[in-house]
Amino acid sequence: MKIERIQTGVRMEKRLVKVLKGTAEYLDMSLGDLLEGIVLHAFDGKTPVFSDETRAKIDVLKVVYGCDLDAAMSHKLSE
């Protein structure tokens, strides 16, 4: 499907971005492609499905970058 992409300037929690970038690199895809997939799943009310191997890698990246955030904290973060 032909689409048009635009550059965005979103702000996100630093450790979370590091885990996302590491996950995208591990999956050999761009950060934008990873985020598009996650958002498209979320908009359909579905959970993005990562393999057990990828989930294990995400868990390691979260430890490496000290990312102890979870979904329960999503609307409770402040700067």
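J.: Just checking my understanding: could you explain the overall build of the chain for this structure?
T.: If you tally the helices and strands in the chain, you get three helices and zero strands. Listed by position from the N terminus, the elements making up the chain come as α-α-α. Out of the 79 residues in the chain, the part that is buried amounts to 14%. About 6800 Å² of surface is accessible on the chain, with carbon and sulfur atoms providing 57% of the total.

J.: I would appreciate a short explanation of the packing of helix H1 (residues 14–26) against helix H3 (residues 52–64) in the present structure.
T.: In contact at an axis separation of 9 Å, H1 and H3 are set at 145° when each is read in the N-to-C sense. When the axes of H1 and H3 are compared, the crossing they make is right-handed. For the pair formed by H1 and H3, the contact residues are Val19, Gly22, Thr23 and Tyr26 on the first element and Glu53, Thr54, Lys57, Ile58, Leu61 and Lys62 on the second. Of the residues that constitute the contact of H1 with H3, the class distribution is four nonpolar, three polar and three charged.

J.: Whenever I open this one, the side chain of Thr54 confuses me. Can you help?
T.: Mapping Thr54 onto the fold places it in helix H3. Given the relative accessible area of 5%, Thr54 is considered buried. Polar contacts involving the side chain of Thr54 include one to the side chain of Ser51, which spans 3.0 Å. In contact with Thr54, other than residues within four places in its own chain, are Thr23, Tyr26 and Leu27.

J.: Help me understand the layout of surface pockets in this model?
T.: If you roll a probe as big as a water molecule over the atoms, it shows you where there is empty space left. Taken as a whole, the largest pocket holds about 1500 Å³ of empty space. Lining of the largest pocket is provided by 39 residues; of these, Met12, Leu16, Leu20, Leu35 and Ile38 occupy positions nearest its centre. At the level of elements, H1, helix H2 (31–43) and H3 are the ones that each hand at least two residues to the lining of the largest pocket. The dominant element in the lining of the largest pocket, judged by the number of residues it contributes, is H2, at nine residues. Looking at the lining of the largest pocket residue by residue, the classes come out as 21 nonpolar, eight polar and 10 charged.

J.: What's the story with the nonpolar core in this structure? I'm lost.
T.: One recurring pattern in soluble globular proteins: nonpolar side chains tend to sit buried together. Counting residues in each nonpolar core, the largest one holds five residues, listed as Val19, Ile58, Leu61, Cys67 and Leu69. Leave out the neighbours within four places in its chain, and Leu69 touches Glu13, Arg15, Lys62 and Leu77.

Procedures and definitions
Residues numbered from 1 in each chain as written. Predicted model: local features only at pLDDT ≥ 70, side-chain atom pairs only at ≥ 80, totals over all residues. Heavy atoms only, no water. Helix = DSSP H or I, 4+ residues; strand = E, 2+ residues; numbered from the N terminus. Buried < 20%, exposed > 50% of the residue type's maximum accessible area, 1.4 Å probe, protein only. Areas by Shrake-Rupley, 256 points an atom, 1.4 Å probe, with all protein chains shown as cover. Axes fitted to C-alpha atoms, helices over the stretch in contact; angles between N-to-C directions. Left-handed = near helix turned anticlockwise from the far one by under 90°. Contact = heavy atoms within 4.5 Å. Nonpolar A, V, L, I, M, F, W, Y, C, P; charged D, E, K, R; others polar. Polar contact = N/O pair within 3.5 Å; in protein donor to acceptor, adjacent residues only side chain to side chain. 1 Å grid on protein atoms, 1.4 Å probe; cavity = no way out; pocket = protein on both sides within 12 Å on 5 of 7 lines; lining within 4 Å. Points joined across faces, edges and corners; volume = space filled by probe spheres on them. Core = buried A, V, L, I, M, F, W, Y, C linked by side-chain atoms within 4.5 Å.

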